[in-house]
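Spelled out, the chains give:
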Amino acid sequence: MRLWLRLLTCSQLIEKRVRAGLREQFDTTLPRFDLMAQLERHPEGLKMKELSHRLMVTGGNVTGITDQLVIEGLVERMGVEGDRRAFRVRLTDRGRASFVAMARQHEQWIVEAFDGLNPRDLESLHKLLGKVKQHQLDINQRIDA
């Protein structure tokens, strides 16, 4: 239990730093950054339902964030051929440029979070967390079967 609490605390502290940095340097939020990150990986855009699934949030949350980003000219909505009710969302050129700047800084914050570890410690931690991840995937697969 102590290990789980330590891992959770580390994650929360790093996330707090990232949230504060995004707010202070880019006047944005982590959910907005996460939505833009998904769109950056899919230049053709994603349907709202796909975004909701990938971000693991409700459609209402995605709609609210998307509405804000559309108003700011960072994303655009496009109709989906053959489905008048669906929309595809993609980054605009301005949105892509904005995201690239945020992503560079985001990466720097994450690198700084682990600066206290030497390369050997980083490799060990990565391997150990990989084992934890695989074990949990195996458990989840048995539960879902």
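A short tour of the structure in this document, coming up.

Conventions we followed
Residues numbered from 1 in each chain as written. Predicted model: local features only at pLDDT ≥ 70, side-chain atom pairs only at ≥ 80, totals over all residues. Heavy atoms only, no water. Pairing = 2+ DSSP bridges. Helix = DSSP H or I, 4+ residues; strand = E, 2+ residues; numbered from the N terminus. Axes fitted to C-alpha atoms, helices over the stretch in contact; angles between N-to-C directions. Left-handed = near helix turned anticlockwise from the far one by under 90°. Contact = heavy atoms within 4.5 Å. Nonpolar A, V, L, I, M, F, W, Y, C, P; charged D, E, K, R; others polar. Buried < 20%, exposed > 50% of the residue type's maximum accessible area, 1.4 Å probe, protein only. Parallel < 35°, antiparallel > 145°, perpendicular 65-115°, else oblique.

1. Some remarks on the pairing of strand 3 (residues 83–91)
Then, number 1: As paired strands, strand 1 (residues 46–47) and strand 3 are joined by two bridges and run antiparallel to one another. Within the sheet, the bridge partner assigned to L46 lies in strand 3 and is V89.
Then, number 2: Adjacent in sequence and paired antiparallel, strand 2 (residues 75–80) and strand 3 are bridged by two residues, among which G82 carries a positive phi angle near 85°.

2. Looking at the packing of helix 1 (residues 2–26) against helix 5 (residues 93–113)
Then, number 1: Running from N to C, helix 1 and helix 5 point in directions that differ by 145°, and their axes come no closer than 10 Å. Crossing angle aside, the handedness with which helix 1 passes helix 5 is right-handed. Residue-level contacts link I14, R17, V18, G21, L22, Q25 and F26 of helix 1 to A101, M102, Q105, H106, W109, I110 and A113 of helix 5.
Then, number 2: Of the residues assigned to the contact of helix 1 with helix 5, the class counts are nine nonpolar, four polar and one charged.

3. What to know about unusual backbone geometry
Residues other than glycine predominantly adopt negative phi, and peptide bonds predominantly adopt the trans conformation.
Then, number 1: For D27, which is not glycine, the phi dihedral falls at a positive 50°.
Then, number 2: Judged by its relative accessible area of 68%, D27 is exposed.
Then, number 3: Here the phi dihedral of M56 falls at roughly 60°; this positive angle occurs in a residue that is not glycine.
Then, number 4: Take M56: it is sitting in the loop between helix 3 (48–55) and helix 4 (59–71).

4. A look at the packing of helix 1 against helix 2 (residues 30–41)
Then, number 1: Orientation of helix 1 relative to helix 2, taken along the N-to-C sense of each, is 90°, at an axis distance of 9 Å. Of the possible angle classes, the one that applies to helix 1 and helix 2 is roughly perpendicular. Residues E15, V18, R19 and L22 of helix 1 lie in contact with helix 2, whose contacting residues are L30, P31 and F33.
Then, number 2: Partitioning the contact of helix 1 with helix 2 into residue classes produces five nonpolar, no polar and two charged.

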